[in-house]
Amino acid sequence: MKGQRLAQFLSQEQRKIPGATGELTMLLNDIAAACKAIGHEVNRGALAGNLETVGSENVQGEVQKKLDVVSNEIFIRSMEWTGHLAGMASEENEEIIPIPSKYPRGKYLLCFDPLDGSGNIEVNLSIGTIFSILPAPNDNPKTEDFLQPGTRQVAAGFCIYGPTTIMVLTTGNGVNAFTLDRDVGDFLLTHSNIRIPEDTAEFAINMSNHRFWEEPMRRYIDECVKGKAGGREKDFNMRWLASMVAEVYRVLMRGGLFTYPMDEKLKQKGGRLRLLYEANPMSFIVEQAGGMASTGRQRILEIQPTGIHQRVPVILGSRNEVARVVSYHQ
Ligand code: F6P
Ligand code: MN
């Protein structure tokens, strides 16, 4: 029902699952609260000094803004006490984050990117928080326990801080989106059972890497650029927002192909986007909305992770276009 509060929606979903304890429902409500707090800081922007660089680099060697650090702190502090988690992994922390001993432990692991697309902070474009929830094999998890393929995710989502603040969620039963109503102070259901159109005439890629791509991707993009003149049945349009949350949200709303492919410069690293807290949650959402997500050679959700900050090539979105790129890799 449109306009329904997130908590009510989640509890209705929970009642459909026999034996559900409500722990996942509570966890998702706590994540929503954390995202509201991060969204508040994002909106305050320069007024709270949030746009200043802090002079440090994160584990990925990227320059950190105060907002990166603040978002990570908010997320950790909002989630560690809840009793629903056995451990966490963040883009901003080299090692896994244990639950402090003074708090109870729960049965889930949480992997997150507290502020995705953070290169967009100073230019006031959409950024967001991405998260993935896995079952915890025990209540004192080690790094290896986080290395589960994406097919094991029990829920995933992202919150986009754009012109409106929107939470996109899946628990493996379709995809729904909730818009933050600031007057009510809650996320309300605005987009139910989102489906990605199978066909699209829109692609998103960082074109400046053209000469570094592998041959199959160069072929695909060159054909899109040539459009009807090059033998495709249609002409294509291009977008690049440099913010995965915004890009995936667009794909969910009107279709499209989004890719950060392998390229010569990224070979050493394995790709650009991180598997555990970017590629896996987004792939789960995209598949649940009827789309497809692949590295070109493998379904992303089936990759056996080897490290918590592992990177992979990503090609996701409208099914027929992703399938075409995959066929070029064969
Ligand atoms: O987190 C990585 C990220 O910021 C994504 O959100 C985005 O898609 C990509 O990097 C942008 O990369 P580039 O700066 O190469 O365009
Ligand atoms: Mn990111």
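Parameters and conventions
- Residues numbered from 1 in each chain as written.
- Chains lettered and ligands numbered in written order.
- Predicted model: local features only at pLDDT ≥ 70, side-chain atom pairs only at ≥ 80, totals over all residues.
- Heavy atoms only, no water.
- Near = heavy atom within 4 Å.
- Polar contact = N/O pair within 3.5 Å; in protein donor to acceptor, adjacent residues only side chain to side chain.
- Areas by Shrake-Rupley, 256 points an atom, 1.4 Å probe, with all protein chains shown as cover.
- Helix = DSSP H or I, 4+ residues; strand = E, 2+ residues; numbered from the N terminus.
- Pairing = 2+ DSSP bridges.
- Contact = heavy atoms within 4.5 Å.
- Axes fitted to C-alpha atoms, helices over the stretch in contact; angles between N-to-C directions.
- Salt bridge = Lys/Arg side-chain N within 4 Å of Asp/Glu carboxyl O.
- Buried < 20%, exposed > 50% of the residue type's maximum accessible area, 1.4 Å probe, protein only.

A.B. asks: Talk me through the site of ligand 1; I want residue IDs and the actual numbers.
C.D. replies: The full set close to ligand 1 counts 13 residues, and D116, W240, M244, Y260 and E278 are the nearest of them. Between an oxygen atom of ligand 1 and a side-chain N or O atom of D116, the distance comes to 2.9 Å. Within the side chain of E278, one N or O atom sits 2.8 Å away from an oxygen atom of ligand 1. Contact with the protein chains removes 82% of the 400 Å² of surface that ligand 1 exposes when unbound. Secondary-structure elements contributing two or more residues to the shell around ligand 1 are β13 (257-260) and β14 (273-274).

A.B. asks: Requested: an account of the sheet that holds strand β15 (residues 292-294), with residues and values cited.
C.D. replies: Spatially, the five strands line up as an open sheet ordered β12-β11-β13-β17-β15, and their pairing is mixed. Since the sheet does not close on itself, it has two edges, and those belong to β12 (237-238) and β15, each with one partner. Contacts from helix α7 (residues 275-288) reach β15 and β17 (314-317), with the element oriented near 25° to β17.

A.B. asks: Report on the pattern of salt bridges, specifying residues and quantitative values.
C.D. replies: Per the stated rule, a full pass over the model turns up 20 salt bridges. With a shortest N-O distance of 2.9 Å, E202 and R254 are connected by a salt bridge. Of this pair, E202 sits in strand β11 (residues 202-204) while R254 sits in helix α6 (residues 244-254); the two residues are 52 residues apart in sequence, bridging distant segments of the chain. Exposure remark for R254: the relative accessible area of 46% places this residue in the partly exposed category. Ionic pairing is found between E214 and R297, a salt bridge with its closest N-O pair at 3.1 Å. Here R297 lies in the loop between β15 and β16 (311-312) and E214 lies in the loop between β11 and α5 (215-226), a separation of 83 residues in the sequence. Here the salt bridges share partners, and the residues they tie into one network are E202, E247, R250 and R254.

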